[in-house]
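Secondary and tertiary structure notes
Here are the chains, one letter per residue:
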Amino acid sequence: MRFANVSGRACLVLDGRAVDIAEASSGALSSDPMMTADLANHPGLQALAAAMDPADWPELRQADLGPPVPRPGKIIAMALNYRGHAEEAGLAIPSEPHVMAKFPTCICGPYDDVPIGALDMVDYEVELVVAIGRRCKGVAGKEAWQYISGLTCGNDVSDRNEQFRPPVRQFSLAKSYDAFGPIGPTMITPDEVADPNDLALSCRVDGELRQQARTSDFIFDVHYLMAWLSRYVTLEVGDLIFTGTPGGVGDSMDPPTYLRDGQVMEVQVEGIGTMRNRIVAGSGAGTGAGEG
Ligand code: ZN
């Protein structure tokens, strides 16, 4: 199945059309997009998908898409999970995962602008994101996929200045500014792809290819991550795991090259789709200005 958040409502995507889940089920299923991350709802969604004629529903429009998981309880992000990224950063290959948090309010839609205020060291990171579909603790690695409800693209936008500010590195804040967590454009169940452990992913900036890899290059695969993380923390429905970024980030270019006003980041994961988020200077991050 493929899910989308269309103007804040949970939808099934069938043949490029958006089936409003609450409307199609006459209110039996929730309109909240968070419901698609809950594996308990998947049998009902499968029955609905089988019964629907997509021709009766409107085409999916990019402009209406929000983040498929708009209010994750927690977001755990992997610091180093591709050899190429560890090598370009001059860091040893880790023997155990390193993680940080992204605060849930950083989540934004797949085509939303990313405001950076006056920041001059903002960077992109394409990542496969997995959504937890069932509460779990102490997961046996081989069972990992049984607890995952969805896969989507993520861009772990990062302020490298704050991330590496001495004397203590501050990863979590530097990756959590408002709109520093675009996800989407849709979310798929793992059975939508031939092998969820081997997906191509890439990032382009203004059309220029910057990152390209496959998730089969992970240092720690999804089985390992789920087993390792759930040893320490309970994973809950709607939590997200950003699984790490491959080599090619702007911070490791020679000379380091950061995102500028008006540039467009295109983040793509095989089988899921492509997000396009534009960098907008002058407002947002660090300016104290905003909608609050
Ligand atoms: Zn990352």
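Residues numbered from 1 in each chain as written. Predicted model: local features only at pLDDT ≥ 70, side-chain atom pairs only at ≥ 80, totals over all residues. Heavy atoms only, no water.

**Describing the domain arrangement of the protein**
As a reminder of what qualifies: Domain segmentation is taken from an automatic or database assignment of domains. In this description, contact between two residues means that some pair of their heavy atoms is separated by no more than 4.5 Å. Buried area: the sum, over both parts, of the accessible surface (1.4 Å probe) that disappears when the two are put together. For this analysis, a salt bridge means a side-chain nitrogen from Lys or Arg found within 4 Å of a carboxyl oxygen belonging to Asp or Glu. Two N or O atoms count as a polar contact when they lie within 3.5 Å, although within protein this holds only if one can serve as hydrogen donor and the other as acceptor, and sequence-adjacent residues are included solely when both atoms are side-chain atoms. Each helix corresponds to a stretch of at least 4 residues labelled H or I by DSSP, and each strand to a stretch of at least 2 residues labelled E; elements are numbered beginning at the N terminus.
We note that the domain assignment places domain 1 (2–66) and domain 2 (75–281) within the protein. The C-alpha centroid of domain 2 is placed 25 Å from the C-alpha centroid of domain 1. Each side of the interface is counted separately: domain 1 has 14 residues, and domain 2 has 20 residues. Surface buried jointly by domain 1 and domain 2 totals about 1300 Å² across both partners, of which 58% is contributed by carbon and sulfur atoms. Counting the surface domain 1 buries against domain 2, the share from its top three residues, Arg2, Ala37 and Leu39, is 45%. Connecting domain 1 to domain 2 are zero salt bridges. Counting the contacts that link domain 1 with domain 2 gives six residue pairs in polar contact (both at pLDDT 80 or more). Of all the secondary structure elements, the ones that give two or more residues to the side of domain 1 that touches domain 2 are strand S1 (2–6) and strand S4 (65–66).

**Observations regarding unusual backbone geometry**
In the segment running from Pro166 into Pro167, the intervening peptide bond is cis, with an omega of 5°. Within the secondary structure, Pro167 sits in the loop between helix H4 (160–163) and helix H5 (171–174). Cis geometry marks the peptide bond from Gly184 to Pro185; its omega dihedral reads -5°. Among the secondary structure elements, Pro185 is positioned in strand S13 (residues 181–188).

**Let's talk about the pattern of salt bridges**
We count it as follows: The cut-offs for exposure are 20% and 50% of the maximum accessible area for each residue type, with area from a 1.4 Å probe on protein chains only; residues under the lower value are buried, those over the upper are exposed, and the others partly exposed.
Tallying each qualifying case throughout the model produces 16 salt bridges. For Arg71, the salt bridge identified is with Asp32, shortest N-O distance 2.6 Å. Taken together, the residues span a long stretch of sequence, with Arg71 in the loop between S4 and strand S5 (75–78) and Asp32 in the loop between helix H1 (21–24) and helix H2 (42–51) at a distance of 39 residues. For Glu236, the salt bridge goes to Arg135, with nearest N and O atoms at 3.6 Å. Note that Glu236 is positioned in the loop between helix H6 (222–232) and strand S16 (240–242) and Arg135 in the loop between strand S10 (126–132) and strand S11 (148–155), a separation of 101 residues in sequence. Owing to a relative accessible area of 59%, Arg135 belongs among the exposed residues under this scheme. One network of salt bridges, in which partners are shared, links Lys102, Asp123, Glu125, Asp156, Arg160 and Lys175.

**Thoughts on the coordination of the zinc ion**
Geometrically, a metal with four donors at the corners of a regular tetrahedron has ideal angles of 109.5 degrees, and one with six donors at the corners of a regular octahedron has ideal angles of 90 or 180 degrees. How we decide: As a rule, N, O and S atoms within 2.8 Å of a metal are its donors, except that Na, K and Ca use 3.2 Å; water is not among the atoms, so sites may look incomplete.
For the zinc ion, the full set of protein donor atoms is Glu125 (OE), Glu127 (OE) and Asp156 (OD), at a range of 1.9 to 2.1 Å. Mapped onto the sequence, the residues coordinating the zinc ion show the spacing E-x1-E-x28-D. What makes Glu127 buried here is its relative accessible area of 0%.

**A closer look at the side chain of Asn155**
Tracing the backbone through its elements, the reader meets Asn155 in strand S11. Classification of Asn155 as buried rests on a relative accessible area of 1%. When neighbours within four sequence positions are excluded, Asn155 is seen to be in contact with Lys102, Tyr124, Glu125, Phe180, Gly181, Pro182, Phe242, Met265, Val267 and Met275.

**Notes on H2**
Going by this rule: Picture the helix axis, draw a direction to every C-beta atom, and the arc is the one those directions span.
Buried within H2 we find His42, Leu45, Leu48 and Ala49. Viewed along the axis of H2, the buried residues span an arc of 115°, placing them on a single side of the element. Structural note: H2 exposes Pro43, Ala50 and Ala51 on the side pointing more than 90 degrees away from its buried face. Looking at the packing, one finds that the buried side of H2 touches S1, strand S2 (9–14), H1 and S11.

**Details of the pairing of S13**
Each regular strand carries side chains that alternate between the two faces of the sheet. How we decide: At least two bridges found by DSSP between two strands are what make those strands a pair.
S13 sits mainly inside the fold: eight of its eight residues count as buried. For strand S7 (residues 107–108) and S13, the ladder comprises two bridges, and the chain directions are parallel. In the strand pairing of S13, Ile107 is matched with Gly181. Looking at chain direction, S11 and S13 are connected through three bridges and run antiparallel. By the bridge assignment, Cys153 is partnered in S13 with Gly184.

**Some remarks on the sheet that holds strand S18 (residues 273–281)**
Worth spelling out the cut-off: Axis definition: a line fit to C-alpha positions, over the contact stretch in the case of helices; interaxial angles, taken between N-to-C directions, run 0 to 180 degrees.
With respect to topology, five strands assemble into an open sheet ordered S8-S18-S17-S14-S15, the strand pairing being mixed. In this open sheet, the two strands that pair with only one neighbour each are strand S8 (114–117) and strand S15 (208–214). Mean inter-strand twist for the sheet, computed between neighbouring axes without regard to direction, equals 15°. In the sheet, S8 pairs with S18 via three bridges, with the strands oriented parallel. Across the sheet, residue Val114 finds its bridge partner in S18, namely Ile279.

**Details of the pairing of strand S3 (residues 17–20)**
With four bridges joining them, S2 and S3 adopt antiparallel strand pairing. Looking at the pairing, Val13 lines up with Ala18 of S3. Between S2 and S3, which pair antiparallel in sequence order, lie two residues; one of them, Asp15, sits at a positive phi of approximately 50°.

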